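Coordinate analysis (summary)
Okay, here's what each chain looks like letter by letter:
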Amino acid sequence: MSPPLVTSIIMILTGVVFLAQLLPSLDLVHRLSFVPALVLEQPWRVLSVALVHEQPSPFHLLANMIGLFFFGSFIERALGRWRFLTIYLLGTVGGSVMVLVLAKPFTVDWVTNNIGASGAVFAIVGVLLVPTQKLDRNITGVVLFVALNFGYGFLVAGVSWQAHLGGLIAGFVLGCGALLVPKKQSTLVFVLTAVGLLLAMLVAGAWRINDAWQIAAM
């Protein structure tokens, strides 16, 4: 079964970028990865991080794309395209913000290149963990995916367990907004949940940046 439209586009785009990473002159990892120290200067990195993966081994990319193919296709069909895209994008942002918040200013973590779509994929998984009967999913497969990817994040430099956690939380919150309310109110509640989540992430990021400024001023 082929994945639905948004899932397909994301998979194709991510695959094209992975191939482009093979060209050293483009230096895409350093251009697109998320680096806490660069969040104000280059804010687009909170999203572009989802496009770059570990090289030359394709395992990191394949792990994320397999999760996106199965879980993403399921959620896009269940919730619709625009909700799914919102979850994917805010999950990416949530992963980057969690990396920023948990990185101690002016340490190695502050200047590390974080890579991968894991935050976004974990946001999709977060939706699958919402306690509801509206989704007919295999919870065992979901839990296994979470365990394997969290373990991988601890073993490979640049693949951040913090991003996994941030994406998982963001997806769970958005999933609750979409699935735990009556159908007639779900659109409004989902939009309000997404806006509230984005504001919360902005506040958390601003707090960490302000903390870094205070440390720099000492």
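The structure under discussion appears in the preceding block.
Right, let's walk through the structure included here. The structure displayed is predicted, hence computed values, not measured ones. (Residues numbered from 1 in each chain as written. Predicted model: local features only at pLDDT ≥ 70, side-chain atom pairs only at ≥ 80, totals over all residues. Heavy atoms only, no water.)

Our focus in this paragraph is the overall build of the chain. The number of helices and strands found in the chain is nine helices and zero strands. Over its C-alpha atoms the chain spans a radius of gyration of 17 Å, differing by no more than 12% from the 17 Å that the globule rule assigns to 218 residues. With the C-alpha coordinates of the chain rotated into their principal frame, the extents come out at 50 × 40 × 25 Å. Buried positions account for 51% of the 218 residues belonging to the chain. The averaged location of the 7 negative side-chain charges in the chain is 15 Å from the averaged location of its 11 positive side-chain charges. (Helix = DSSP H or I, 4+ residues; strand = E, 2+ residues; numbered from the N terminus. Rg over C-alpha atoms; globule rule 2.2 N^0.38 Å. Buried < 20%, exposed > 50% of the residue type's maximum accessible area, 1.4 Å probe, protein only. Lys, Arg positive; Asp, Glu negative; His and termini not counted. Charge placed at Lys NZ, Arg CZ, Asp CG, Glu CD.)

Okay, the packing of helix α4 (residues 59-79) against helix α5 (residues 81-102) next. Between α4 and α5, the shortest axis-to-axis distance is 7 Å and the interhelical angle comes to 135°. On the basis of their axis angle, the class for α4 and α5 is oblique. In this structure, α4 uses L68, G72, I75, E76 and L79 to contact α5, whose residues at the interface are R81, R83, F84, I87 and Y88. The residue makeup of the contact of α4 with α5, split by class, is six nonpolar, one polar and three charged. (Axes fitted to C-alpha atoms, helices over the stretch in contact; angles between N-to-C directions. Parallel < 35°, antiparallel > 145°, perpendicular 65-115°, else oblique. Contact = heavy atoms within 4.5 Å. Nonpolar A, V, L, I, M, F, W, Y, C, P; charged D, E, K, R; others polar.)

For the rest of this paragraph, the subject is helix α8 (residues 161-179). Since the α-helix turns once every 3.6 residues, residues separated by three or four places project in the same direction. Here α8 spans 26 Å end to end across 19 residues, near enough to the 27 Å set by a 1.5 Å rise per residue. Across the 19 residues of α8, 14 count as buried, placing the element largely inside the fold. (Expected span 1.5 Å × (residues − 1).)

A cluster of nonpolar side chains, contributed by W82, V191, V195, L198, L199 and L202, occupies part of the molecular surface with about 540 Å² of accessible area. At five residues, helix α9 (residues 186-217) tops the list of elements feeding residues into the nonpolar patch. Its location among the elements puts V195 in helix α9. A relative accessible area of 44% means that V195 is categorised as partly exposed. (Patch = residues over 30% accessible without salt bridge, like charges linked within 9 Å, V, L, I, M, F, W, Y side chains within 5 Å. Areas by Shrake-Rupley, 256 points an atom, 1.4 Å probe, with all protein chains shown as cover. Salt bridge = Lys/Arg side-chain N within 4 Å of Asp/Glu carboxyl O.)

Counting 52 residues, the largest nonpolar core has L68, I75, F84, I87 and Y88 as its most contacted members. Elements that contribute at least two residues to this core include exactly α1 (5-20), α4, α5, α6 (118-128), α7 (139-155), α8 and α9. Tallying contributions element by element places α5 first for this core, with nine residues. Apart from residues lying up to four places away in sequence, Y88 is in contact with I10, A50, L68, A117, A120 and I124. Counting residues in hydrophobic clusters, the runner-up holds five residues, among them V17, L28, V52 and I115. (Core = buried A, V, L, I, M, F, W, Y, C linked by side-chain atoms within 4.5 Å.)

With that out of the way, let us pick up the pattern of salt bridges. For side chains bearing opposite charge, pairing can occur when the charged atoms are close. Overall, the coordinates contain one salt bridge when judged by the stated rule. The residue R208 makes a salt bridge to D211 at a minimum N-O spacing of 2.5 Å. Taken together, the residues span about one helical turn, with R208 and D211 both in helix α9 at a distance of three residues. The class for R208 is buried, based on a relative accessible area of 11%.

So, on to α9. Between its first and last C-alpha, α9 extends 46 Å over 32 residues, near the 46 Å set by a 1.5 Å rise per residue. The complete set of buried residues in α9 reads S186, F190, T193, A194, L197, M201, G205, R208, I209 and A212. Elements that come into contact with the buried residues of α9 comprise α5 and α8.

Between Q55 and the following residue, P56, the backbone shows a cis peptide bond with an omega angle of 0°. By the element assignment, P56 lies in the loop between α3 (45-48) and α4. Here the phi dihedral of D27 falls at roughly 50°; this positive angle occurs in a residue that is not glycine. Looking at the secondary structure, you find D27 in the loop between α1 and α2 (28-32). One non-glycine residue, F106, lies in positive phi territory at about 65°. Its place among the elements puts F106 in the loop between α5 and α6.

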